[in-house]
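Understanding the architecture of this molecule
If you want the building blocks of each chain, they are given just below.
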Amino acid sequence: MITPRYANTDSIHTIFRRRLIFSAVFIGLLLLALVTPGISQTLRVAFDNGASVVAPLAALVWIARDLLAGRREGGGQESKRSRAIRIACTMIALGALGDGIGEGIWAYYEQVLKEPPFPSVADIAYLTEYPLLLAGILLMPSRPLSATLRLRVLLDSMLIMTCAFTCSWYFVLGPTVLMSQESTLGTILSAGYPIGDLILLFCVLILCVQESRTIPRSAGALMVLGMLSIVIADVVFAYQTLHETYVTGKVVDIFWPLAYLLIGLAATLLRSSSLSHDGLSSHGEDEAPKLQPTDGAIWLALLPYALLPAIAGLVVYCIRGREPSMLEYGVYSGAALLVVLMLFRQIIAILDNAQLNRKLHGAYRELQSAQDAIETRNTSLAAANARLESLAMTDGMTGLVNHRVFYERMTEACAGAARYRIPFALLLMDVDHFKSYNDTYGHPAGDTVLKEVAQLLEESARDTDVVARYGGEEFAMLLPLNDLEGARTMAERIRVSIECYAFGHRPITVSIGVSAFAVDRETPEALVSSADQALYEAKRAGRNRVVLARPKTGSAPEEMDRMSASLKEA
C-alpha cells in the first residue's frame, strides 16, 4: 500500500496546530465582540449569527479537505480501518452542513426579517444533523463492530438519557414546560434538542471508553467537549425559550460555534490517525489493533442499571405523594420507557451473545478440524519418518539391516567387549558361484536366492544376534556372548541349513569366515579384516566350508580361552 504524504506526522501536527490556533482566535474574537461594552445589540447579533454560520462550515471544509487529500495522496487505496473512519467523518461533515444551513436560515430570519419564528424552517435543518452525527459517532470505531453492538451503544445512551430526563422532568423541566406560554411544537422542540444532544453525548462517552484502543484519545476528548458544548447551549436555549427570555447575542451562544470547531478538530485527528495507520500497515504492521476489555467499559455498561434505583425511588415517591399530575405522569412515562428500553437492550444482548456463541462454536469447530488435520498429518509424518528410518536402516530386498547399521552395531559391540571383557564373534558369508547362477537363471532368480538365504539366516539367528546384508551376495552376522568355537558351531549349522535347503533351480552353498574379538584385535576394522581373510581361505579351499580366523599373536587364543571359560562358568 502506498504511504500517503499527508499521513506524515509533522504534516498532521502542523495542520492540526493551524486549525487549533484559528479556532482559538475565532472564539476569542467572538467572545470579545459579545462582552465588549459599547457595541450595539444589532452588531452583537450580527457577529453571533455570522460566527454560528462560519463555524460549522469551517468544520465541513476541514473534513472535506482531509477526505480529498487522503484519497488523492493514498492513490485510491485504503484499509478497512481507513474506510470506516472516512465514512464516519463524511457523516459528521454532513451533520455540520445541516447545522450550517439551519444557522443560515436563522440568521436570515433574524437579520433580514427581524423576527425569527420558533419553530421555523431552520429547525428542519437542525433536526437533520442528529441522525447524521449519530451515524458518524457510531461508525467512529475503526474495528468491525456488529450492528447489534452499535445498537447496544445507542440503547445504553438512551437509557442514561431517559434516567436523566425523567429526573429533570420532575424537578426542573416539567415545571418550566407547564408554566411556559410556548406552542406545543415549540415546547417539544425546546425539550427535544437537549434530549438528542444527551443521546449523542452519551454515545460518544460509551464508545470512547469501550473502544479506547481504536478511537484516538485526543479525538475522543475533543468530540466529547464538542457534544458537551452543544448540550450546554441547547439546554440554556430551551430553558430561556420556555421562559421567553432568550435573546441572540449572549455569551452562552458562543458554545454553538465552539462545539463545531471542536468537532472539526476531532475529525481532523480521527482521519489523520487512519492515514497514519495505513502508512504503518504498508510496512508490515498489524491491520487491526489487539483489543482487551477495560474496567471502565464494564462499569460504563453497568451504569444504566445503576440508575434504575433512583428512578424506582422517584416512582415510589410519586405514587405515595399527592394526586397525579402531568409531572407524575411524566415520571411514570419515563419509567415505562426505561423498562421497555431495558427489555429491548436485554433482547439485543441475548441475540448478540447467541451470535457470538455461534461464531465461537464455529471457530472451535474450525480449530478442532485444524487440530485433527494436524494430528492426521503428524501421524502420516511419523509413519513416513518410520518408513524413511526403516529404508535408511534396512536392505530393501532382503529386509535385513544394511551395511551402515551393521557397522554401527559392530562398533558398539567392540567398545562394549573392550570395556567389559564380553566375548562376541563375527561371521562373514558369501554365496558360492552366485554370478554364474545369475548369468544362468537371470537376476530375478538370483534375487530370490538372496531373499531365501536371508530368511534362513534370520531363522538360525538368536534374538541377540544381528544379521545384515553386507553387500552383493555377502552377508554378515554378529554373535554376542560367543567365542570362536561357539561361532564355528553356529556357522556350521548355518552352512548345513543352506546346503540342505531346496532352492528353485539348483543347490546353493555358502562359504563362511569366522572371527572372534580379541584384546589385541579390538577395532572393528581388524575384526572384519580377520573374518574376511578367513572367508577368502574358505573360498580358496573349495567353498562350502567354515574357516576360523587365525590368531595374530600367541596370547590372543589364551585370552579368548579365558573369556570363554568365564562365559561358561557364568
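Residues numbered from 1 in each chain as written. Predicted model: local features only at pLDDT ≥ 70, side-chain atom pairs only at ≥ 80, totals over all residues. Heavy atoms only, no water.

**What to know about the overall build of the protein**
Our working rule: Runs of E in the DSSP output that reach at least two residues are strands. Runs of H or I that reach at least four are helices, and both are numbered from the N terminus. Only heavy atoms enter the contact rule, under which two residues are in contact if any of them lie within 4.5 Å. What sets the accessible areas is the Shrake-Rupley method with a 1.4 Å probe; for residues, cover comes only from the shown protein chains.
Counting secondary structure elements, the protein contains 17 helices and five strands. Across the protein, the fraction of contacts at a sequence separation of at least 24, relative to all contacts at a separation of at least 6, is 77%. When the accessible surface of the protein is totalled, it reaches about 28,800 Å², and 63% of it is carbon and sulfur.

**Describing empty space enclosed by the protein**
How we decide: Space inside and on the surface of the protein is sampled on a 1 Å grid over the protein atoms alone, with a cavity defined as a set of points where a 1.4 Å probe fits but cannot get out and a pocket as an open set with protein on both sides within 12 Å along at least 5 of 7 lines; lining residues have an atom within 4 Å of a point. Grid points are joined across faces, edges and corners, and a volume is the space filled by probe spheres set on the points. Classes in brief: Ala, Val, Leu, Ile, Met, Phe, Trp, Tyr, Cys and Pro nonpolar; Asp, Glu, Lys and Arg charged; the others, Gly included, polar.
Evaluation of the coordinates by the stated rule reveals two cavities of 30 Å³ or more. Taken together, 21 residues form the lining of the largest cavity, with E103, Y126, D234, F237 and W256 sitting closest to its centre. Secondary-structure elements contributing two or more residues to the lining of the largest cavity are helix 2 (41–73), helix 3 (80–113), helix 4 (121–138), helix 6 (184–210), helix 7 (217–242) and helix 8 (255–281). Residue contributions to the lining of the largest cavity peak at four residues, all from helix 4. Residues belonging to the lining of the largest cavity are distributed by class as follows: 10 nonpolar, three polar and eight charged.

**Description of the sheet that holds strand 5 (residues 546–548)**
Counted only if it meets this: Should DSSP find at least two bridges between two strands, the strands are taken to pair. Each axis is a line fitted through C-alpha atoms, and for a helix only the stretch in contact is used; angles between axes span 0 to 180 degrees, taken between their N-to-C directions.
Reading across from one edge, 2-3-1-4-5 is the order of the five strands in this open sheet, with mixed pairing throughout. Each edge of the sheet is formed by a strand with only one pairing partner; in this case those strands are strand 2 (466–471) and strand 5. Neighbouring strand axes in the sheet, compared pairwise and without regard to direction, differ in orientation by 20 degrees on average. Across seven bridges, strand 1 (residues 424–431) lies against strand 4 (residues 510–516) in antiparallel orientation. Looking at strand 4, one finds that M429 is bridged to I512. Sitting on the sheet, helix 15 (residues 484–500) touches strand 1, strand 3 (474–480), strand 4 and strand 5, and the angle it makes with strand 4 is about 170 degrees. Along the sheet, helix 16 (residues 524–540) makes contact with strand 1, strand 2, strand 3, strand 4 and strand 5, crossing strand 4 at roughly 145 degrees.

**Regarding helix 14 (residues 443–460)**
It helps to recall that an α-helix has 3.6 residues per turn; residues three or four apart then point in one direction. Where we set the bar: Working rule for helices: expected span equals 1.5 Å times residues minus one. Relative accessibility under 20% of the residue-type maximum defines a buried residue, over 50% an exposed one, and the middle range a partly exposed one, all with a 1.4 Å probe and only protein chains included.
Taking 1.5 Å per residue as the helical rise, helix 14 with its 18 residues ought to reach 26 Å, and the 26 Å between its terminal C-alpha atoms agrees with that figure. Buried within helix 14 we find A445, G446, V449, L450, E452, V453, A454, L456, L457 and S460. Where helix 14 is buried, its residues contact strand 1, helix 13 (434–441), strand 2, strand 3 and helix 15.

**What to know about the nonpolar core**
We count it as follows: In plain words, nonpolar cores are sets of buried Ala, Val, Leu, Ile, Met, Phe, Trp, Tyr and Cys residues tied together by side-chain atoms within 4.5 Å.
Of all hydrophobic cores here, the largest spans 66 residues; its most connected members are I137, M223 and M227. For this core, the elements supplying multiple residues, two or more each, are helix 1 (9–35), helix 2, helix 3, helix 4, helix 5 (147–179), helix 6, helix 7 and helix 8. Considering every element that reaches this core, the biggest residue donor is helix 6, with 12 residues. Apart from the residues within four sequence positions on either side, M227 is in contact with L133, I137, L200, L201, V204 and I263.

**A closer look at a nonpolar patch on the surface**
The cut-off we apply is this: Residues enter patches when their relative accessible area tops 30% and they take part in no salt bridge; the joining distance is 9 Å for like charges and 5 Å for the nonpolar side chains Val, Leu, Ile, Met, Phe, Trp and Tyr. Here, a salt bridge means any Lys or Arg side-chain nitrogen found within 4 Å of an Asp or Glu carboxyl oxygen.
A cluster of nonpolar side chains, contributed by I21, V25, L29 and L32, occupies part of the molecular surface with about 390 Å² of accessible area. Mapping L32 onto the fold places it in helix 1.

**Here we look at the pattern of salt bridges**
Scanning all chains against the criterion turns up 13 salt bridges. Put simply, E408 and R404 hold a salt bridge, and the shortest N to O gap is 3.0 Å. Taken together, the residues E408 and R404, both in helix 12 (residues 403–420) and four residues apart, mark about one turn of the helix. Judged by relative accessible area, E408 falls into the partly exposed class, the value being 39%. A relative accessible area of 41% places R404 in the partly exposed class. We note a salt bridge from D465 to R462, for which the minimum N-O separation is 2.8 Å. Beyond isolated ion pairs, a larger network of salt bridges with shared partners links D430, D432 and K539.

**Here we look at the packing of aromatic side chains**
Both the distance between ring centres and the angle between the ring planes are used here to describe each pair of aromatic rings. Which entries qualify depends on this criterion: Geometry of aromatic contacts follows a simple scheme: Phe, Tyr and Trp rings, the Trp one being its six-membered ring, pair when their centres are within 6.5 Å, and the pair is stacked under 30 degrees between planes, edge-to-face over 60, tilted otherwise.
For the structure on display, the rule yields 12 aromatic pairs. Seen in terms of ring centroids, F237 and Y246 are 4.8 Å apart; in terms of plane orientation they differ by 80 degrees. Their pairing is edge-to-face. Each member of the pair, F237 together with Y246, is buried. Centroid distance F424 to F517: 5.7 Å. Interplanar angle 20 degrees. Geometry classified as stacked. Taken together, the residues F424 in strand 1 and F517 in the loop between strand 4 and helix 16 connect sequence positions 93 residues apart. Comparing F424 with F517 shows no difference in burial state: the two are buried.

**Re the layout of surface pockets**
The space that makes up the second largest pocket amounts to roughly 360 Å³. Lining the second largest pocket we find 19 residues, and of these W106, E110, P116, Y246 and T248 sit closest to its centre. Mapped onto the lining of the second largest pocket, the elements with two or more residues apiece are helix 2, helix 3 and helix 7. Of the residues assigned to the lining of the second largest pocket, the class counts are eight nonpolar, six polar and five charged.

**Some remarks on a positive patch on the surface**
Keep this limit in mind: Residues counted as positive are Lys and Arg, residues counted as negative are Asp and Glu, and His and the chain ends are not counted. Lys charges are placed at NZ, Arg charges at CZ, Asp charges at CG and Glu charges at CD.
Taken together, the side chains of R17, R18, R65 and R72 present a region of like positive charge at the surface. Only helix 1 and helix 2 provide two or more residues apiece to the positive patch. By relative accessible area, which is 60% here, R72 ends up exposed.

**Things to note about the confidence of the model for the protein**
Note: predicted coordinates in regions of low pLDDT should not be interpreted at a detailed level. Which entries qualify depends on this criterion: Each residue gets a pLDDT score, which is the predictor's confidence in that residue and runs from 0 to 100.
Looking at the protein, pLDDT values average 83 and 85% of them are 70 or higher. When pLDDT is averaged over each helix and strand of the protein, the minimum, 41, is found for helix 17 (residues 555–569) and the maximum, 95, for strand 5. Note that pLDDT drops below 50 for residues 1–7; the model gives that stretch 28 contacts with residues more than four away or on any other chain. This model gives residues 554–570 a pLDDT under 50, and the stretch forms 19 contacts once residues within four places in sequence are excluded.

**Structural notes on the pairing of strand 2**
In terms of burial, strand 2 is a largely internal element, five of the six residues being buried. Linkage of strand 2 to strand 3, two consecutive antiparallel strands, is achieved through a turn of two residues, within which G472 is found at a positive phi near 65 degrees.

**Concerning unusual backbone geometry**
A positive phi is found at H433, a non-glycine position, where the angle reads about 55 degrees. Here H433 is to be found in the loop between strand 1 and helix 13. Within the chain, L481 stands out as a residue other than glycine whose phi angle is a positive 60 degrees. Among the secondary structure elements, L481 is positioned in the loop between strand 3 and helix 15.

**Description of the pairing of strand 1**
Remark: a regular strand shows side chains that alternate across the two faces of the sheet. Counting buried positions along strand 1 yields eight of eight residues, so the element is predominantly enclosed. Residue alternation in strand 1 divides its side chains into two sets, F424, L426, L428 and D430 and A425, L427, M429 and V431, and both sets are buried. Strand direction decides the pairing type here: strand 1 and strand 3, joined by seven bridges, are antiparallel. In the sheet register, L426 faces strand 3, and the bridge partner there is L478.

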